[in-house]
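# Close look at the chain arrangement
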Amino acid sequence: MNERRGKPSSSARESISIVRASLLNPIAPGRIEFLKDGALAIRGGTIAGVGEYRRIVRAHPRAKTVDLSDRLLIPGFVDTHVHLPQYPVAGLHGKELLDWLNSFIYPAERNFTPAVAARLAPVFFARLLSCGVTTAAVYCSVQKESTRVAFRAAERSGIRAMIGKAMMDRNVPAFLRETTERSLRDSEELCREWNDADRGRLMYAFTPRYAASCSAELMREAARMARASGAHLQTHLAENRAEVEWVRKLFPKAGSYTQVYENAGMLTQKTVLAHCIYLGARERALIARNSCGVAHCPTSNLFLQSGMMPLREMLDSGLRIGLGSDVAGGPTLDPFATMRAAVYVATARALAPGSRARARMIDVGTAFFLATLGGATALGLERVTGNFAPGKDADFVVINPAMFDSGREAYPVGDRPDMILSRLVFLGSERAVEQTYVRGRRCYPALGQRGYRRG
Ligand code: GUN
Ligand code: ZN
């Protein structure tokens, strides 16, 4: 048993705090509850109650209230797919996936030494938290020690994260290529050290990068280790046409890209598949049958000119879908930008010639759901985080709506719940994120202990 797993810190005797604010609480795609005068009751990092402020106060008359009445409380965002070592090369536009990997990404990952990781990882996690992200599924590169450094930084930052060392034993430059055995041994060691650390706040994700960079044996063994340890597994799937064609040539007998992963035993309910743009109906059904999570990365898909995932159809097939920044495939960690891109991409698909038009669009409530509870569900964490419900961890963000970029000071234009949600998605940004809490602990601005305060 890893000593980092520690003892539970919450107990029935711990005092309750009430945070009073307006609440937006995602329930289902497009179904978001709004409480104008709402409250969260929090005990030992866990949500003890959620509802109208008056009801919560009646239930906990001795609790201390922090009054954030003019603020908006939302569940922490979930970034279901992001690459830590790529953060310094974010924003370099103009290439498609395979060329981009060779030109920018592999050289950047080569630089991901433990010393670089020690500088970069604290900044990366701090930035996720300042954007309101409380849970992230993170790829490192192949280096074991650098991944360890990343885990330590995540541990200190307070963020909830699943992290994995990328696995690749072929078709990548020699400076990143691993032997199959080494890749498996290093991954297993990291999993043993970190999976379920701090009572599950930190998780290990076996990370066979994508089918083109992995032998069948590497994928099969990674899947076996993930199952044996109860850890997660993350990879890329069907992101780019040239990539799909390459994988078809590398695995001519498999029948489809998704079948390559199925043959390796990689498709389970603890698997997160990023992109999923170019899938046939059978592949989609295979993913649904195995209850895998899907990371939809709309900023990345436009930035790398990859394509447009059929979000509406995939939601209608019952897939568990969340949003991912895919930095540096996407240029920014900002989940507001990712939500907007999800709406815009669905709209662009709907407007394309020959499309069944409006049916394929998504509304702001769906984008907000995907960025929160949808993401938690895609990562298999829906019982822990993603929205406000008694028993879940108190992962939330304090939003200052006055920071939404518009001229509303000039004259009143109304504050209906649908307007508040729409402004949150389309005018929200890191600027509007005032505080971020994970398990009731304030992580942004960094404080390092439990407590609530204004601004
Ligand atoms: N496919 C394989 N590796 C990567 C990566 O680092 N980023 C993206 N977007 N796609 C990939
Ligand atoms: Zn990626």
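Residues numbered from 1 in each chain as written. Chains lettered and ligands numbered in written order. Predicted model: local features only at pLDDT ≥ 70, side-chain atom pairs only at ≥ 80, totals over all residues. Heavy atoms only, no water.

### Observations concerning the overall build of the protein chain
Across its full length, the protein chain holds 15 helices and 16 strands. A globule of 455 residues ought to have a C-alpha radius of gyration of about 23 Å, and the protein chain, at 21 Å, matches this closely. In the protein chain, which comprises 455 residues, the proportion classed as buried is 59%. Long-range pairs, those at least 24 residues apart, make up 74% of the contacts in the protein chain between residues at least 6 apart in sequence. Only carbon and sulfur atoms are counted for the fraction: they give 51% of the accessible area of the protein chain, which is about 17,900 Å². (Helix = DSSP H or I, 4+ residues; strand = E, 2+ residues; numbered from the N terminus. Rg over C-alpha atoms; globule rule 2.2 N^0.38 Å. Buried < 20%, exposed > 50% of the residue type's maximum accessible area, 1.4 Å probe, protein only. Contact = heavy atoms within 4.5 Å. Areas by Shrake-Rupley, 256 points an atom, 1.4 Å probe, with all protein chains shown as cover.)

### Considerations on the packing of helix α5 (residues 180–194) against helix α7 (residues 216–229)
Running from amino to carboxyl end, α5 crosses α7 at an angle of 15°, the nearest separation of the two axes being 10 Å. Between α5 and α7, the angle falls in the class roughly parallel. Crossing of α5 over α7 shows right-handed handedness. Within the contact between the two elements, α5 uses Thr180, Ser183, Leu184, Glu188 and Cys191 and α7 uses Glu217, Leu218, Glu221, Ala222, Met225 and Ser229. Of the residues belonging to the contact of α5 with α7, the class tally is five nonpolar, three polar and three charged. (Axes fitted to C-alpha atoms, helices over the stretch in contact; angles between N-to-C directions. Parallel < 35°, antiparallel > 145°, perpendicular 65-115°, else oblique. Left-handed = near helix turned anticlockwise from the far one by under 90°. Nonpolar A, V, L, I, M, F, W, Y, C, P; charged D, E, K, R; others polar.)

### A word on the coordination of the zinc ion (ligand 2)
Bound to the zinc ion (ligand 2) are the protein donor atoms His81 (NE2), His83 (NE2), His236 (NE2) and Asp326 (OD), situated 2.0 to 2.2 Å from the metal. Coordination at the zinc ion (ligand 2) comes from four donor atoms whose angles at the metal span 90 to 166°, giving a geometry best classed as irregular. Read in sequence order, the donor residues coordinating the zinc ion (ligand 2) give the pattern H-x1-H-x152-H-x89-D. One end of the pair, histidine 81, is in strand β5 (residues 77–83); the other, histidine 236, is in strand β10 (residues 232–237), with 155 residues separating them in the sequence. (Donors = N, O, S within 2.8 Å, 3.2 Å for Na, K, Ca; no water. Tetrahedral: all angles 85-135°; square planar, octahedral: opposite > 155°, others 65-115°.)

### Focus on the layout of surface pockets
Considering only enclosed or pocket space, the largest pocket measures out at about 530 Å³ in volume. Lining the largest pocket we find 27 residues, and of these Gly200, Met203, Gly380, Leu381 and Val384 sit closest to its centre. Per-class residue counts for the lining of the largest pocket are four nonpolar, 12 polar and 11 charged. Within this model, the second largest pocket holds a volume of roughly 300 Å³. Forming the boundary of the second largest pocket are 17 residues, of which Asp70, Pro401, Arg408, Asp415 and Ile420 lie nearest the centre. Of all elements in the fold, only β2 (31–43), β4 (64–75) and α15 (417–427) reach the threshold of two or more residues within the lining of the second largest pocket. (1 Å grid on protein atoms, 1.4 Å probe; cavity = no way out; pocket = protein on both sides within 12 Å on 5 of 7 lines; lining within 4 Å. Points joined across faces, edges and corners; volume = space filled by probe spheres on them.)

### Re the state of the cysteines
For the structure shown, the criterion picks out zero disulfides. The cysteine cysteine 131 is free of any disulfide, with cysteine 443 supplying the nearest cysteine sulfur at 14 Å. In this structure cysteine 297 is not part of a disulfide, and its nearest cysteine sulfur, from cysteine 276, lies 9.0 Å away. (Disulfide = S-S within 2.5 Å.)

### Focus: the site of ligand 1
In the region of ligand 1, the neighbouring residues are His83, Gln86, Leu97, Trp100, Leu101, Arg209, Tyr210, His236, Glu239, His275 and Asp326. Glutamate 239 has a polar side-chain atom sitting 2.7 Å from a nitrogen atom of ligand 1. Taking aspartate 326, its side chain carries an N or O atom lying 2.7 Å from a nitrogen atom of ligand 1. Taken by itself ligand 1 offers 280 Å² of open surface, and the protein chains cover 100% of this. With respect to the detected pockets, ligand 1 is housed in the largest cavity. Grouping the constituent residues of the shell around ligand 1 by class yields four nonpolar, four polar and three charged. (Near = heavy atom within 4 Å. Polar contact = N/O pair within 3.5 Å; in protein donor to acceptor, adjacent residues only side chain to side chain. Sits in = over half its atoms within 2 Å of the grid points.)

### What to know about the environment of serine 355
With respect to the secondary-structure elements, serine 355 resides in the loop between α13 (335–351) and α14 (364–378). Judged by its relative accessible area of 19%, serine 355 is buried. When near neighbours in sequence (up to four residues on either side) are disregarded, serine 355 contacts Arg349, Ala350 and Arg360.

### What about the sheet that holds strand β14 (residues 396–399)?
Strand order in this open sheet of seven strands is β3-β2-β1-β4-β14-β15-β16, and the pairing throughout is mixed. Where the open sheet ends on each side, the last strands, each with one partner, are β3 (46–52) and β16 (441–444). Strand after strand, the sheet turns through a mean of 40° between neighbouring axes, direction not considered. Bridge count for strand β1 (residues 16–28) against β4 is six bridges, and the pairing is parallel. Along β4, the bridge assignment pairs serine 22 with leucine 72. (Pairing = 2+ DSSP bridges.)

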